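Structural characterization, general
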Amino acid sequence: MTDQTPETTQLFLTAAMPCPYLPGRQERKLFTHLAGKRAASLHHLLSDNGFRRSQNLIYRPACEGCNACQSVRIVAGEFVRSARFRRVMRQNEDLAVSVRPTLATSEQYELFKRYLDSRHAGGGMTQMSPLDYEYMVEDTPVQSVLVEYRLREHPQHRLVAVALTDVMPDGLSMVYSFYDPDMARRSLGTYLILDHIAQVRSAGLDYVYLGYWVKDSPKMAYKAQYRPLEVQKGNQGWCLLD
């Protein structure tokens, strides 16, 4: 099945699959390919309408009778760190942050596998090979970067977290992030989001795109902590989460 965007881009509809967030439900996705000279502009247009990129595809949920997955973005300029967020920043002051080209390394892959085996055991991504990881990182038709986080004082500057991030005209879109599962007390997942907010503010941009928020899913509900948070509501555009 296909549909058309306002720019006559052909959209495809996937077959129904078990929902990864809400038990007993089925998910379907609308998707299209990003390629050629229009890739960047199409990426921004569709992202502004609630789509997310995965390699050279961009998609959004299109589930019958369900709209639980809602695209969200943090209004970086108005974000105020809570006491907990300030504590997380202090706990990670010893990390060095570097922005690198989207080139996969064996060091990143080893961390990626440890993260998946610990945090998402049994999930589909745990079967990803080094080549699969390389495709995930490098197969991007838009401006993307890898943000690496390393222990500054470690003799080998140990890699502890990575974020694959798309650079948007109005901010940063966090495509996928992973971190050392043995450093849970540092709240590295939270720190990566806080650091992206700081990067967006420093660059004079507006938003950190977080992907989909699912209110009733323990995996996804945490995103509501980052206020002010805007939700994409179709014809209404972006609206503040109440």
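Residues numbered from 1 in each chain as written. Predicted model: local features only at pLDDT ≥ 70, side-chain atom pairs only at ≥ 80, totals over all residues. Heavy atoms only, no water.

Regarding the confidence of the model for the protein chain
Looking at the protein chain as a whole, the pLDDT averages 93, with 95% of positions reaching at least 70. Within the model, the stretch residues 1-6 combines pLDDT values under 50 with 13 contacts to residues more than four positions away or in other chains. (pLDDT = per-residue confidence, 0-100. Contact = heavy atoms within 4.5 Å.)

Describing the pattern of salt bridges
In the structure shown here, the tally under the stated rule is 10 salt bridges. Salt-bridge contacts for D94 lead to R186; the nearest nitrogen and oxygen are separated by 2.8 Å. Taken as a pair, D94 in the loop between α2 (83-91) and β9 (95-100) and R186 in the loop between β12 (171-179) and α5 (188-202) lie far apart in primary sequence, 92 residues in all. Of the charged contacts, one joins E107 and R150 as a salt bridge, the two residues approaching to 2.8 Å between their closest N and O atoms. Here E107 is found in helix α3 (residues 106-119), whereas its partner R150 is found in strand β10 (residues 144-151), with 43 residues between them in sequence. What makes R150 buried here is its relative accessible area of 19%. A single network of salt bridges, built from pairs that share partners, joins R100, E107, E148 and R150. (Salt bridge = Lys/Arg side-chain N within 4 Å of Asp/Glu carboxyl O. Helix = DSSP H or I, 4+ residues; strand = E, 2+ residues; numbered from the N terminus. Buried < 20%, exposed > 50% of the residue type's maximum accessible area, 1.4 Å probe, protein only.)

As for a positive patch on the surface
Taken together, the side chains of R84, R86, R87 and R90 present a region of like positive charge at the surface. The topology assignment puts R86 in helix α2. (Patch = residues over 30% accessible without salt bridge, like charges linked within 9 Å, V, L, I, M, F, W, Y side chains within 5 Å. Areas by Shrake-Rupley, 256 points an atom, 1.4 Å probe, with all protein chains shown as cover. Lys, Arg positive; Asp, Glu negative; His and termini not counted. Charge placed at Lys NZ, Arg CZ, Asp CG, Glu CD.)

A closer look at the environment of D206
Assignment of secondary structure puts D206 in the loop between α5 and β13 (207-214). The spatial distance from the C-alpha of D206 to the C-alpha of F85 is 20 Å, given a sequence separation of 121 residues. Dropping the residues within four chain positions of it, D206 is found in contact with I74, V75, A76, G77, D170 and V200.

Details of unusual backbone geometry
Following R227, the chain continues to P228 via a peptide bond in cis, the omega torsion being 0 degrees. Inspection of the secondary structure assignment puts P228 in the loop between β13 and β14 (229-232). Residue H157 is not a glycine yet carries a positive backbone phi of 50 degrees. With respect to the helices, strands and loops of the structure, H157 is situated in the loop between β10 and β11 (159-168). The class for H157 is partly exposed, based on a relative accessible area of 41%. Unusually for a residue other than glycine, S187 sits at a positive phi of about 55 degrees. Examined against the element boundaries, S187 turns out to sit in the loop between β12 and α5.

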